[in-house]
Amino acid sequence: MRKDETNEDFVQVRRRDLERLTTEVMQLRDFLPKVLDGDIVWTFQKLDAIESSMEKKEEEIEQLKMDCEHFRARLEAAQADCMREKKEKLDLRQHLHEAKQQLLQQAEYCTEMGAAVCTLLWGVSNNEEAVKTILGGSKAAKFFTITAQTMESFVKSLSEDTKQQDLDSDENQFVLALAGIVTNVAALACGREFLVSSSPDLLDTMMHLLGEMKPGLCTKFKVLMLMSLYNVSINLKGLKYISESPGFIPLLWWLLNDPDTEVCLHVLRLLQSVILEPEVLAKSACEMRDTLPFQRIITLSKSRNAELQALAKELLEDLKILEYEA
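Given the structure is predicted, the values throughout are model-derived calculations rather than measurements.

**Considerations on the packing of aromatic side chains**
Part 1: Enumeration according to the criterion identifies three aromatic pairs in this entry.
Part 2: Ring geometry for Phe-143 versus Phe-144: centroids 5.3 Å apart, planes at 70°, classification edge-to-face.
Part 3: Judged by relative accessible area, Phe-143 falls into the partly exposed class, the value being 24%.
Part 4: Members of the aromatic cluster, joined through ring pairs, are Phe-143, Phe-144 and Phe-194.

Right, here's the structure in full:
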């Protein structure tokens, strides 16, 4: 081995050996494709393709790992949000429960207060001067509007299977006191005029509620409302308003089926008001004659209750006028 001027290593080979080596290389170039089988070449090509595919798959797997980590992070964030929302909902439910309890306590307090105040006002309304003072106030019409709404809410709250109301409950005492106040107000001429002129909705509500309650239910409440309507009927304008209300005559027949004698007694009194007023009777005679439950009134005329028996008999005599109206 020697070095040239550039200080690089080189090997000295005889010309004959170099020629022979060159010849062998040329022969290898010519014969190598023939020596190598086609399947081997195809195999190497396939191997290259597989290696490329594996590299691509590895890249895809790496991307999937990254995506998985991303979704795992999102899942953990979503789970954290879900836990936070659950806690918030629990807190809201607790606040809602507390608010309901407070509202219930307030409602009970208002009912107790309403029952107490209206019971006192019921007693005060027996005094004519007190009634005049009440009606002369700026809130009288509003009071009777609230009275109608309260009565309606009370009847709607009655359960379908309610057989007998708790007479000592604040709710029951509240509406009884309201009905009693209306009855006492209607017992005075100025009160009747006020109810007909300024609070006709209250009269409509009472007639509607009387038709909504089943026979035998809330009889004292029914009696007070019937007494109010009877008192209003003493006023001719009031009698016309009541008797001309849609469904008034069928309502009377419906109420006559009530098993309570007090209810039936006041229904007959209201019916008598209609019969004894010629102008009103003229408009109702036809409907009364066609639908009047004579048999029920005859049954009431044999009642053990002396007052109901006497009124039923008296009414049967009064009803004979319908024969002349025919």
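Right, picking up where we left off after that structure.
**A look at the side chain of Ser-169**
Part 1: As for its placement among the helices and strands, Ser-169 is situated in the loop between helix 4 (140-156) and helix 5 (170-186).
Part 2: We classify Ser-169 as buried; its relative accessible area is 14%.
Part 3: Only 3.2 Å separates the side chain of Ser-169 from the backbone nitrogen of Asn-172, close enough to count as a polar contact.

**Concerning helix 3 (residues 128-136)**
Part 1: Within the sequence span of helix 3, burial applies to Ala-130, Val-131 and Leu-135. Down the axis of helix 3, the buried set is contained in an arc of 130°. They therefore lie on one face. Counted as exposed and oriented over 90 degrees from the buried face of helix 3: Glu-129, Thr-133 and Gly-136.
Part 2: Regarding helix 3, its N-cap is Asn-127, as a side-chain oxygen of that residue lies 2.9 Å from the backbone nitrogen of Glu-129 further along.

**Considering the pattern of salt bridges**
Part 1: Here the structure, examined in full by the defined rule, presents 13 salt bridges.
Part 2: Where Arg-72 meets Glu-69, a salt bridge forms, and the shortest distance between an N and an O atom there is 2.7 Å. A residue pair is termed a helical-turn pair when its members lie 3 or 4 positions apart in one helix, as Arg-72 and Glu-69 do in helix 2 (residues 38-124) at three residues.
Part 3: Given a relative accessible area of 37%, Arg-72 falls into the partly exposed group.
Part 4: The shortest N-O distance in the salt bridge between Lys-240 and Glu-279 comes to 2.6 Å. Separated by 39 residues along the polypeptide, Lys-240 in helix 9 (residues 236-243) and Glu-279 in helix 12 (residues 278-291) bring together distant segments of the chain.

**Looking at the nonpolar core**
A general tendency of soluble globular proteins is for nonpolar side chains to be buried together.
Part 1: Among the nonpolar cores identified, the biggest contains 72 residues, and Phe-221, Leu-271 and Met-288 are the most heavily contacted of them.
Part 2: Take this core: its biggest share by element is ten residues, from helix 5.
Part 3: Discounting chain neighbours no more than four positions away, the residues touching Met-288 are Ile-249, Trp-253, Leu-271, Val-274, Ile-275, Leu-281, Leu-319 and Leu-322.

**Structural notes on a nonpolar patch on the surface**
Part 1: A cluster of nonpolar side chains, Val-11, Val-13, Leu-18, Leu-21 and Val-25, forms an exposed patch at the surface whose accessible area comes to about 440 Å².
Part 2: Locating Val-25 in the fold gives a position in helix 1 (residues 15-35).

**Points about the environment of Pro-278**
Part 1: Summarising the element assignment, Pro-278 is placed in helix 12.
Part 2: Along the primary structure Pro-278 and Ile-321 are separated by 43 residues, whereas in three dimensions their C-alpha atoms are 10.0 Å apart.

**Here's the deal with the packing of helix 8 (residues 219-233) against helix 11 (residues 261-275)**
Part 1: Two numbers describe how helix 8 lies on helix 11: the axes approach to 9 Å, and their chain directions differ by 15°. One element, helix 8, and the other, helix 11, form an angle in the roughly parallel class. The interaxial crossing formed by helix 8 with helix 11 has left-handed handedness. Here helix 8 contributes Thr-219, Lys-222, Val-223, Leu-226, Met-227, Leu-229, Tyr-230 and Ser-233 to the contact with helix 11, which in turn contributes Glu-262, Val-263, His-266, Val-267, Arg-269, Leu-270 and Ser-273.
Part 2: Residues belonging to the contact of helix 8 with helix 11 are distributed by class as follows: eight nonpolar, four polar and three charged.

**Re the layout of surface pockets**
Part 1: Computed from the structure, the second largest pocket encloses a volume of approximately 210 Å³.
Part 2: Lining the second largest pocket we find Thr-111, Thr-150, Ser-153, Phe-154, Ser-157, Glu-171, Phe-174 and Val-175.
Part 3: For the lining of the second largest pocket, the secondary-structure elements that each account for two or more residues are helix 4 and helix 5.
Part 4: For the lining of the second largest pocket, a count of residues per class yields three nonpolar, four polar and one charged.

Rules used in this analysis
- Residues numbered from 1 in each chain as written.
- Predicted model: local features only at pLDDT ≥ 70, side-chain atom pairs only at ≥ 80, totals over all residues.
- Heavy atoms only, no water.
- Phe/Tyr/Trp six-rings, centres within 6.5 Å; stacked < 30°, edge-to-face > 60°.
- Buried < 20%, exposed > 50% of the residue type's maximum accessible area, 1.4 Å probe, protein only.
- Helix = DSSP H or I, 4+ residues; strand = E, 2+ residues; numbered from the N terminus.
- Polar contact = N/O pair within 3.5 Å; in protein donor to acceptor, adjacent residues only side chain to side chain.
- Arc of directions from axis to C-beta.
- Salt bridge = Lys/Arg side-chain N within 4 Å of Asp/Glu carboxyl O.
- Core = buried A, V, L, I, M, F, W, Y, C linked by side-chain atoms within 4.5 Å.
- Contact = heavy atoms within 4.5 Å.
- Patch = residues over 30% accessible without salt bridge, like charges linked within 9 Å, V, L, I, M, F, W, Y side chains within 5 Å.
- Areas by Shrake-Rupley, 256 points an atom, 1.4 Å probe, with all protein chains shown as cover.
- Axes fitted to C-alpha atoms, helices over the stretch in contact; angles between N-to-C directions.
- Parallel < 35°, antiparallel > 145°, perpendicular 65-115°, else oblique.
- Left-handed = near helix turned anticlockwise from the far one by under 90°.
- Nonpolar A, V, L, I, M, F, W, Y, C, P; charged D, E, K, R; others polar.
- 1 Å grid on protein atoms, 1.4 Å probe; cavity = no way out; pocket = protein on both sides within 12 Å on 5 of 7 lines; lining within 4 Å.
- Points joined across faces, edges and corners; volume = space filled by probe spheres on them.

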